[in-house]
Amino acid sequence: MVKMTDYQGDAAKSPLELFEKLTEQGDKVRSLKSAKAEKAEIDAAVQLLLKLKVDYKKVTGQDYKAGCPPSENSLGSENGLAADGNNDEGDDEVNPWSVSTNNAKGVDYDKLIVRFGSSKIDQALVDRIEKVTGRKPHHFLRRGIFFSHRDMHQVLDTYEKHKSFFLYTGRGPSSQAMHVGHLIPFIFTKWLQDVFDIPLVVQMTDDEKYLWKDLTLEQCHQFAMENAKDIIACGFDVNKTFIFSDLDYMGASPQFYRNVVKIQKHVTFNQVKGIFGFTDSDCIGKISFPAIQAAPSFSNSFPHIFGDKKDIQCLIPCAIDQDPYFRMTRDVAPRIGYPKPALLHSTFFPALQGAQTKMSASDANSSIFLTDTAKQIKNKINKYAFSGGKDTVEEHRKYGGNVDVDVSFMYLTFFLEDDEKLEKIRQDYTSGALLTGELKKTLIETLQPIIAEHQERRKQVTDETVKRFMTPRPLNFNL
């Protein structure tokens, strides 16, 4: 029986969490009434529902309406308040299927942290990662490319107690060739696997792409196999890495599917509509899919790796547009007896045409693909890379360029590892000493060998290699 004395207040929750809790409580009240439960139990549930409604209005300034999630400009931080009391989120659109902004600098990530209720990766956390691992932090961490987290301190606490955790990331295979932006989470995940010496599971969501794209099941599965070769070419340890296709693994793993069903039972239709924006015209496959992306967060979904252990912490490196899936997962986890997954969020890799959108696998000119030749790379950068330079050489020499909007400089922050060289480029471009053409040349000379080396490694990845990575088997690690 729910007692009001058990309730400590939910004003500290984010608006979406409050909305989801309200929806769940409303369902509970209706269930109790239809089951003709004892009056005292119904009254207690109703009182909690009313209390939640008061908290919801306090946080969002809106009355709760079933099926109508809070508007974006009310999505505050975990204490319900936006930074500096400003709830104006601008025109940024960030969800698992679309990222766009009107700002030439790209998405406002500080506002996104507030809106999603995550925590900023500050210098203290970067320093702690260095202390715990004994390794210099990856430049993605040093430069704020991975900028946000959930419970990373808890993961480090676990590691310091000599307990293992595991990594989980994924890829939605919508095309045969991946682009350089797709490499970002895998480059960083490879570093995490190396420095922590831990197992990794990689989910290929070929089922998702079939549900969302105009593709056949066979195409989606084939894309998964091809994309797996690019992921393997990043250098993952086959003895510590399991890559799986949803279309293959879910039918072969009762434990995985049981977790999917548990998650599905604890998430209402109102909740997924509120989190993901699904409508009545969406196919039921889309509505049920979030549970499939959530299931790899739990160790007993992989009995060949972890046996029946269900308490091993999971860390998920991903772009922040995937966070809605895992906000849902973190809400469900304690209700089905599992630890909440921790997350590390990356910024978006911009399209060549500017940071207003992320790269698209369907637009060949928006991206540098991993199959591009050296000549194609050069031509794409010279022709399409958005410049922060001035219109004339004279103006540029006098006023300098703007690195905050220059795509070539943005790409160098991802792929040029030398901090001192990057800072020199920043200063020279800003002062006007370095011209746009020279900056593009530096990027071309940086990217061409990286992609050429990746292509050489990929040539060594055979169908048999993919089969080894994708065969369910024990992995080599210490619990």
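The model shown is predicted, which means the values in this text are computed figures rather than measured ones.

*Asks:* In this structure, what is going on with helix α18 (residues 407-415)? I would like to understand it.
*Replies:* Every α-helix winds through 3.6 residues per turn, so residues three or four apart in the chain are directed the same way. Within α18, 9 of the 9 residues are buried, which leaves it mostly tucked inside the rest of the structure. Taken together, the buried positions of α18 are Val-407, Ser-408, Phe-409, Met-410, Tyr-411, Leu-412, Thr-413, Phe-414 and Phe-415. Near the N-terminus of α18, the side chain that reaches the backbone nitrogen of Ser-408, with its oxygen 3.0 Å away, is that of Asp-406.

*Asks:* Even after reading the chapter, I still don't get the sheet that holds strand β4 (residues 146-150), so can you show me in this structure?
*Replies:* Remark on secondary structure: sheet strands pair via backbone hydrogen bonds, oriented parallel or antiparallel. Spatially, the 7 strands line up as an open sheet ordered β3-β4-β9-β8-β5-β6-β7, and their pairing is mixed. Two strands lie at the open edges of the sheet, namely β3 (119-120) and β7 (241-245), each paired on one side alone.

*Asks:* Looking at this structure, I do not really get the pattern of salt bridges. What am I missing?
*Replies:* Counted according to the given criterion, the structure contains 25 salt bridges. With a closest N to O distance of 3.3 Å, Lys-120 and Asp-110 form a salt bridge. Of this pair, Lys-120 sits in strand β3 while Asp-110 sits in helix α3 (residues 109-116); the two residues are 10 residues apart in sequence, bridging distant segments of the chain. Linking Asp-372 and Lys-380 is a salt bridge whose minimum nitrogen-to-oxygen distance equals 2.9 Å. Across the pair, Lys-380 and Asp-372 agree in class, each one buried. One network of salt bridges, in which partners are shared, links Glu-226, Lys-229, Asp-230, Arg-458 and Asp-463.

*Asks:* Quick question: what am I supposed to make of the environment of Asp-108 here?
*Replies:* Relative to the helices and strands, Asp-108 resides in the loop between β2 (98-100) and α3. We classify Asp-108 as partly exposed; its relative accessible area is 33%. Placed 16 residues apart in sequence, Asp-108 and Asp-92 show a C-alpha to C-alpha distance of 7.5 Å. Engagement of the side chain of Asp-108 in a polar contact is seen with the backbone nitrogen of Asp-110, the distance being 3.2 Å. A polar side-chain atom of Asp-108 sits 3.1 Å from the main-chain amide nitrogen of Lys-111.

*Asks:* Explain the side chain of Asp-92 here, please?
*Replies:* With respect to the element layout, Asp-92 can be found in the loop between α2 (39-60) and β1 (93-95). It turns out Asp-92 is buried and unbridged, and the closest side chain with the opposite charge, Arg-115, is 5.7 Å from it. A polar atom in the side chain of Asp-92 sits 2.5 Å from the side chain of Thr-101. A distance of 2.9 Å separates a polar atom in the side chain of Asp-92 from the backbone nitrogen of Asp-108.

*Asks:* Looking at this structure, how should I read the packing of helix α9 (residues 217-232) against helix α21 (residues 463-470)?
*Replies:* Pairs of packed helices are described in terms of their axes, by the angle between the two and the distance that separates them. Relative orientation of the contacting elements α9 and α21 amounts to 85 degrees, with a least axis distance of 10 Å. In terms of orientation, α9 and α21 fall into the roughly perpendicular class. Taken together, the residues of α21 that come into contact with α9 (itself represented by Met-225, Ala-228, Lys-229 and Ile-232) are Asp-463, Thr-465, Val-466, Phe-469 and Met-470. Considered class by class, the residues forming the contact of α9 with α21 number 6 nonpolar, 1 polar and 2 charged.

*Asks:* How should a nonpolar patch on the surface be read in this particular structure?
*Replies:* On the surface, a nonpolar cluster with roughly 240 Å² of combined accessible area is contributed by Tyr-210, Leu-217 and Leu-247. Mapping Tyr-210 onto the fold places it in helix α8 (residues 206-212).

*Asks:* Explain the packing of aromatic side chains to me, please; I cannot follow it from the model alone.
*Replies:* Geometry of an aromatic ring pair is reported as the spacing of the ring centres plus the angle between the planes. Following the criterion strictly, the structure yields 32 aromatic pairs and no others. Plain terms: the ring middles of Phe-289 and Tyr-325 are 5.9 Å apart, the flat faces sit at 85 degrees to each other, and that makes the pair edge-to-face. Taken together, the residues Phe-289 in helix α13 (residues 284-294) and Tyr-325 in helix α15 (residues 323-332) connect sequence positions 36 residues apart. Taken individually, Phe-289 and Tyr-325 each receive the classification buried, so the pair is uniform in this respect. The structure contains a cluster of three or more aromatic residues connected by ring pairs, namely Phe-140, Phe-146, Phe-188, Trp-191, Phe-349, Tyr-411, Phe-414 and Phe-415.

*Asks:* For this particular structure, what's the right way to read the pairing of strand β5 (residues 165-171)?
*Replies:* Along any regular strand, the residues point their side chains to alternate faces of the sheet. Within β5, 6 of the 7 residues are buried, which leaves the element mostly enclosed by the surrounding structure. Across 3 bridges, the pairing between β5 and strand β8 (residues 313-319) is parallel. Counted as the bridge partner of Phe-165 is Gln-313 from β8. Direction of pairing for β5 relative to strand β6 (residues 200-204): parallel, over a ladder of 5 bridges. By the bridge assignment, Leu-167 is partnered in β6 with Leu-200. Between the parallel elements β5 and β6, the chain passes through helix α7 (residues 180-196) in a crossover that is right-handed.

*Asks:* Teacher, can you tell me more about the pairing of strand β9 (residues 342-346) here?
*Replies:* Counting buried residues along β9, 5 of its 5 residues qualify, which places the element largely inside the surrounding structure. Where burial is concerned, the two faces of β9 agree: the one with Ala-342, Leu-344 and Ser-346 and the one with Leu-343 and His-345 are both buried. Across 4 bridges, the pairing between β4 and β9 is antiparallel. Paired with Phe-146 across the two strands is Ser-346, which belongs to β9.

*Asks:* Just checking my understanding: could you explain α3 for this structure?
*Replies:* By the criterion of burial, α3 is predominantly enclosed, with 6 of the 8 residues buried. Taken residue by residue, α3 has Tyr-109, Leu-112, Ile-113, Val-114, Arg-115 and Phe-116 as its buried positions. Where α3 is buried, its residues meet β1, β3, β4 and α15. Taking the backbone nitrogen of Asp-110 as reference, a side-chain oxygen 3.2 Å away marks Asp-108 as the first, capping residue of α3. Count one or two residues on from α3 and you reach Gly-117, which has phi positive near 75 degrees.

Conventions we followed
Residues numbered from 1 in each chain as written. Predicted model: local features only at pLDDT ≥ 70, side-chain atom pairs only at ≥ 80, totals over all residues. Heavy atoms only, no water. Buried < 20%, exposed > 50% of the residue type's maximum accessible area, 1.4 Å probe, protein only. Helix = DSSP H or I, 4+ residues; strand = E, 2+ residues; numbered from the N terminus. Polar contact = N/O pair within 3.5 Å; in protein donor to acceptor, adjacent residues only side chain to side chain. Pairing = 2+ DSSP bridges. Salt bridge = Lys/Arg side-chain N within 4 Å of Asp/Glu carboxyl O. Lys, Arg positive; Asp, Glu negative; His and termini not counted. Axes fitted to C-alpha atoms, helices over the stretch in contact; angles between N-to-C directions. Parallel < 35°, antiparallel > 145°, perpendicular 65-115°, else oblique. Contact = heavy atoms within 4.5 Å. Nonpolar A, V, L, I, M, F, W, Y, C, P; charged D, E, K, R; others polar. Patch = residues over 30% accessible without salt bridge, like charges linked within 9 Å, V, L, I, M, F, W, Y side chains within 5 Å. Areas by Shrake-Rupley, 256 points an atom, 1.4 Å probe, with all protein chains shown as cover. Phe/Tyr/Trp six-rings, centres within 6.5 Å; stacked < 30°, edge-to-face > 60°. Right-handed = clockwise from strand over helix to strand, strands pointing away.

So, to be careful, I would describe these as geometric facts and stop short of saying anything about function.
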